[in-house]
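Observations on the three-dimensional arrangement
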Amino acid sequence: MKRTLQWSAALAAGTLLPLGMVATTATAAPAPSSAAHSQHRLVDLPAKDALQEAVAPSECAPTLLDGYIDQLFAEMSDAQFAFLVAHQDVLLSVPTYDALFFGTAGDPDYALDSHAAQLRNTYRDLQRFWDIESDDIQLMAMHSDSLLDPVRIARTLEAMVDAGELPPMTDAAIAQEAQTVATFMQAQDEAFQDNPLWTLNAYAFSAEGETDPVIAALPDKLVFGDGILEAYDAIGLGDVGPRVIMAHEFAHHVQFELGTFDTGPTDPAEATRRTELMADAMASYYATHKKGLALNSKRVTDALLSFYSVGDCSFASPGHHGTPLQRERAADWGADLAAAAKPRSLVLSAERVIELFEEDLAVIIAG
Ligand SMILES: [Zn+2]
């Protein structure tokens, strides 16, 4: 594939900046910042993982989103693609981190646009469904227009450097990179300016356990990128995908609230697999439950399994979210639990669902 060769060349030339190299293959289920993630990565970046996958494909079967992402690469002009390779740390990270560090729910720059009503309704519904404190979570969007603004790019890069998400850069280097990217982006067509790749992400963030004072001061967040929503529309999962991903991300907030990240295996890969599979199970429980979304369990599983851009077979990686088969079993587990509710309207407490899941985790992993 043409683009793959170009990526390889770029990598051989050492263009890929460290943040990309940190990339574990994996998931999109953009992981929360938590003790479970030992690496300097506050949020996972699925598009970065997709690039890595383009260079060194894993053995995992492609997901529904993979083909879509390949197409996005293929549609770029050579100049655009070369620019992306050279400036990927800005293009693939800045909208995500801009929302993380500077976004607030009341700011129009981060207002939900695509799927807004659907996301807001599901969010409210989840707050009612799960018996945890969730009033303090800020629901917001991330848009790609931050990439047109040198000031927003610069402040985000600076915050990333300060947080250790990027290697040290001088103020002058940051200003120059910000200006270079903004100038290039302003001259591009809309397809490139608003490319779904820049915002192909959704994540839950909680500062709990963070020691950096700047990060520790950030409020709980649930952030949806325009790109992930556009991707779901494109692959025919626009009705279920966003709601199910919202449920997965909300499950991470339930875990934050109940201290789930503080217990479990000490091995980072095992720890992440446990909390990710649990989030899939909880999302499926909610999405198929009569008192939740009452969706068809097959559609829910499709949506959950597509929500990571590359096959996640990197078992030892701290970002490991479980193999597709394990994730499918976790989703089935949640749907079975919902179907077994007696009466059908009975919703178990979050604590009870987690407890039951822990009891079955070994079976879900082993198959
Ligand atoms: Zn997740």
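Refer to the preceding data block for the structure.
Overview of the structure.

Summed over all chains, the structure comprises 13 aromatic pairs. Between Trp130 and Tyr285 the ring centres are 5.9 Å apart and the planes differ by 35 degrees, which places this aromatic pair in the tilted class. You can see Trp130 sitting in the loop between α8 (116–129) and β1 (138–142) and its partner Tyr285 sitting in helix α15 (residues 268–288), a full 155 residues away along the chain. Assessed through its relative accessible area of 1%, Trp130 is described here as buried. Each ring, one from Phe192 and one from Trp198, has its centre 5.2 Å from the other, and the planes form 80 degrees; the classification is edge-to-face. You'll find Phe192 and Trp198 in the same group, each marked buried. Arg155 extends its terminal NZ or CZ atom over the ring of Phe102, reaching a point 4.1 Å from the ring centre.

Before going further, it helps to spend a moment on the coordination of the zinc ion. Those donors, His248 (NE2), His252 (NE2), Glu276 (OE) and Glu276 (OE), are the protein atoms that reach the zinc ion, and they lie 2.0 to 2.7 Å from it. Coordination at the zinc ion is irregular: its four donor atoms span angles of 52 to 136 degrees at the metal. Sequence spacing among the residues donating to the zinc ion works out to H-x3-H-x23-E. A residue pair is termed long-range when its members are at least 10 positions apart, and His248 in helix α14 (residues 241–258) and Glu276 in helix α15 qualify at 28 residues. Judged by its relative accessible area of 0%, His248 is buried.

This part covers the side chain of Ser206. In this fold, Ser206 is placed in the loop between β2 (202–205) and α12 (213–216). At a separation of 3.2 Å, a polar atom in the side chain of Ser206 contacts the main-chain amide nitrogen of Glu208. In terms of polar contacts, Ser206 uses its side chain to reach the side chain of Asp220, at 3.3 Å.

A separate point is the nonpolar core. Membership of the largest hydrophobic core comes to 104 residues, with the highest contact counts inside it found for Phe101, Trp130, Trp198 and Phe224. Beyond its immediate stretch of four places on either side in the chain, Phe101 contacts Leu42, Ala159, Met160, Ala163, Ile215, Leu218 and Lys221.

If you want to describe how two helices pack, look at the angle between their axes and the distance between the axes. For the pair α14 and helix α16 (residues 297–306), the least separation of the axes is 9 Å and the interaxial angle reads 70 degrees. Taken as axis vectors, α14 and α16 run roughly perpendicular relative to one another. The two elements α14 and α16 meet at a crossing, and its hand is right-handed. Contacts between α14 and α16 involve Gly241, Val244, Ile245 and His248 on the former and, on the latter, Val300, Ala303 and Leu304. By residue class, the composition of the contact of α14 with α16 is five nonpolar, two polar and no charged.

The subject of this paragraph is unusual backbone geometry. Geometrically, the link from Lys342 to Pro343 is a cis peptide bond, its omega value of -5 degrees lying close to zero. Even without being glycine, His115 reaches a positive phi, approximately 60 degrees. Relative to the elements of secondary structure, His115 occurs in the loop between α7 (94–102) and α8. One non-glycine residue, Ala294, lies in the positive phi region at around 55 degrees. With respect to the element layout, Ala294 can be found in the loop between α15 and α16.

So, on to α14. Residues three or four positions apart in an α-helix share a direction because the helix packs 3.6 residues into each turn. The terminal C-alpha atoms of α14 lie 26 Å apart, and with 18 residues this matches the ideal 26 Å at 1.5 Å per residue to within 8%. One or two steps after α14, the chain reaches Gly259, where phi turns positive at roughly 70 degrees.

Together, Glu133, Asp135, Asp136, Glu208, Glu257 and Asp262 make up a negatively charged patch on the protein surface. Inspection of the secondary structure puts Glu133 in the loop between α8 and β1.

The next thing to look at is α8. Taking 1.5 Å of rise per residue, 14 residues should cover 20 Å, and α8 covers 20 Å from first to last C-alpha, within 8% of that figure. Within α8, burial applies to Ala116, Gln118, Leu119, Thr122, Tyr123, Asp125, Leu126 and Phe129.

We now examine the environment of Gly241. In this fold, Gly241 is placed in helix α14. For the pair Gly241 and Ala303, spaced 62 residues apart in the sequence, the C-alpha separation amounts to 4.9 Å. Sequence-distant contacts of Gly241, defined by excluding residues within four places in its chain, comprise Tyr232 and Ala303.

On to the pairing of strand β3 (residues 221–225), then. Within β3, five of the five residues are buried, which leaves it mostly tucked inside the rest of the structure. For β1 and β3, the ladder comprises five bridges, and the chain directions are parallel. Opposite Met142, over in β3, you have Gly225 as the bridge partner.

What counts, and where the lines are drawn
- Residues numbered from 1 in each chain as written.
- Predicted model: local features only at pLDDT ≥ 70, side-chain atom pairs only at ≥ 80, totals over all residues.
- Heavy atoms only, no water.
- Phe/Tyr/Trp six-rings, centres within 6.5 Å; stacked < 30°, edge-to-face > 60°.
- Helix = DSSP H or I, 4+ residues; strand = E, 2+ residues; numbered from the N terminus.
- Buried < 20%, exposed > 50% of the residue type's maximum accessible area, 1.4 Å probe, protein only.
- Lys NZ or Arg CZ within 6 Å of the ring centre and 35° of its normal.
- Donors = N, O, S within 2.8 Å, 3.2 Å for Na, K, Ca; no water.
- Tetrahedral: all angles 85-135°; square planar, octahedral: opposite > 155°, others 65-115°.
- Polar contact = N/O pair within 3.5 Å; in protein donor to acceptor, adjacent residues only side chain to side chain.
- Core = buried A, V, L, I, M, F, W, Y, C linked by side-chain atoms within 4.5 Å.
- Contact = heavy atoms within 4.5 Å.
- Axes fitted to C-alpha atoms, helices over the stretch in contact; angles between N-to-C directions.
- Parallel < 35°, antiparallel > 145°, perpendicular 65-115°, else oblique.
- Left-handed = near helix turned anticlockwise from the far one by under 90°.
- Nonpolar A, V, L, I, M, F, W, Y, C, P; charged D, E, K, R; others polar.
- Expected span 1.5 Å × (residues − 1).
- Patch = residues over 30% accessible without salt bridge, like charges linked within 9 Å, V, L, I, M, F, W, Y side chains within 5 Å.
- Areas by Shrake-Rupley, 256 points an atom, 1.4 Å probe, with all protein chains shown as cover.
- Salt bridge = Lys/Arg side-chain N within 4 Å of Asp/Glu carboxyl O.
- Lys, Arg positive; Asp, Glu negative; His and termini not counted.
- Charge placed at Lys NZ, Arg CZ, Asp CG, Glu CD.
- Pairing = 2+ DSSP bridges.

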